[in-house]
Amino acid sequence: MYAIPTAAQILGVTPTALEAALERGETIRSLAIACGQDPDRMTEAVIDAETADVVALAGIAGFGPDAVAEFVRELRSYLVAFVRDGERVADQLYETRTLQPA
């Protein structure tokens, strides 16, 4: 996952320091605001860092454009929650969404 290194670079801290702050209950969004960074820019940077690999791997695996687009939509939703609310909340939202019948 590139979210931590990407966010850490923008915040000017090490990934280890960022992870420690997240474990204390901070979120990437709250840290961005505290450091005078635009939280929306932070969110988009994290999404951009993650999306390229997902698209490349899905293409290598032979998924079609519709499936790749769905992966990207789901990834975006997860990462928005991850930045805004933290990993645990994002994981819970993802698990809830994937357990619901189609």
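The numbering scheme is per chain: residues are counted from 1 as the chain's sequence reads. Local features are withheld for residues below a pLDDT of 70 in this predicted model, meaning they are given only at 70 or higher, and side-chain atom pairs are given and counted only at 80 or more; totals for whole chains, interfaces and linings count all residues. Hydrogens and waters are ignored; side-chain quantities use all the structure's heavy atoms.

**Examining the overall build of the protein chain**
For step 1, the next point in the chain: A helix here means a DSSP run of H or I that spans at least four residues, while a strand means a run of E at least two residues long, and both kinds are numbered starting from the N terminus. Within the protein chain, the regular secondary structure consists of six helices and zero strands.
For step 2, the next point in the chain: Walking the protein chain from its N terminus toward its C terminus, one meets helices and strands in the order α-α-α-α-α-α.
For step 3, the next point in the chain: Expressed as lengths along the three principal axes of its C-alpha atoms, the size of the protein chain is roughly 40 × 25 × 20 Å.
For step 4, the next point in the chain: Long-range contacts, defined here as pairs at least 24 residues apart, represent 51% of the contacts in the protein chain between residues at least 6 apart.
For step 5, the next point in the chain: If you sum the accessible surface of the protein chain, you get close to 6,400 Å²; carbon and sulfur atoms cover 55% of it. Two residues qualify as a contact provided that any one of their heavy atoms is within 4.5 Å of a heavy atom in the partner residue. Accessible surface area values rest on a Shrake-Rupley calculation with a 1.4 Å probe, where residue burial reflects the displayed protein chains alone.

**Some words on the packing of aromatic side chains**
For step 1, the next point in the chain: Side-chain rings of Phe, Tyr and Trp (the six-membered ring for Trp) are treated as a pair once their centres are within 6.5 Å; stacked means planes under 30 degrees apart, edge-to-face means over 60, and tilted covers the remaining angles. A complete count under the given rule lists two aromatic pairs for this structure.
For step 2, the next point in the chain: Plain terms: the ring middles of phenylalanine 63 and phenylalanine 71 are 4.9 Å apart, the flat faces sit at 80° to each other, and that makes the pair edge-to-face.
For step 3, the next point in the chain: Residue exposure (1.4 Å probe, protein chains only): buried if accessible area is under 20% of the type maximum, exposed if over 50%, otherwise partly exposed. Since its relative accessible area comes to 44%, phenylalanine 63 is described here as partly exposed.
For step 4, the next point in the chain: Overall, the relative accessible area of 30% leaves phenylalanine 71 in the partly exposed class.
For step 5, the next point in the chain: For the pair tyrosine 78 and phenylalanine 82, a centre-to-centre distance of 6.2 Å together with 20° between the ring planes defines the contact as stacked.

**Description of the environment of arginine 73**
For step 1, the next point in the chain: If you trace the backbone, arginine 73 turns up in helix H5 (residues 65-85).
For step 2, the next point in the chain: Residues arginine 73 and arginine 29, 44 residues apart in the sequence, show an inter-C-alpha distance of 20 Å.

**Remarks on the pattern of salt bridges**
For step 1, the next point in the chain: Salt bridge criterion: a side-chain nitrogen from Lys or Arg within 4 Å of a carboxyl oxygen from Asp or Glu. For the structure on display, the rule yields three salt bridges.
For step 2, the next point in the chain: In this structure, arginine 76 engages glutamate 44 in a salt bridge whose closest nitrogen and oxygen atoms are separated by 2.6 Å. One end of the pair, arginine 76, is in helix H5; the other, glutamate 44, is in helix H4 (residues 39-60), with 32 residues separating them in the sequence.
For step 3, the next point in the chain: The class for arginine 76 is partly exposed, based on a relative accessible area of 36%.
For step 4, the next point in the chain: Using a relative accessible area of 32% as the deciding quantity, one classes glutamate 44 as partly exposed.
For step 5, the next point in the chain: As a salt-bridge pair, arginine 84 and aspartate 85 come within 2.7 Å of each other at their nearest N and O atoms.

**Considering H4**
Helical geometry: 3.6 residues make up each α-helical turn, so side chains three or four residues apart lie on a common side.
For step 1, the next point in the chain: For H4, spanning 22 residues, the distance from its first C-alpha to its last is 32 Å, which sits close to the expected 32 Å at 1.5 Å a residue.
For step 2, the next point in the chain: Inspection of H4 places Pro39, Met42, Thr43, Val46, Ile47, Glu50, Thr51 and Ala58 among the buried residues, and these make up the whole buried set.
For step 3, the next point in the chain: The distance from a side-chain oxygen at the start of H4 to the backbone nitrogen of aspartate 40 is 2.9 Å, and the residue carrying that oxygen is aspartate 38.
For step 4, the next point in the chain: Positive backbone phi, approximately 90°, marks glycine 62, located one or two places after H4. By definition here, a helix of n residues has an expected span of 1.5 Å times n minus one. The term polar contact refers here to a pair of N or O atoms within 3.5 Å; inside protein, the definition further demands a hydrogen-donor-capable atom paired with an acceptor-capable atom, and it admits residues adjacent in sequence only when both atoms are side-chain atoms.

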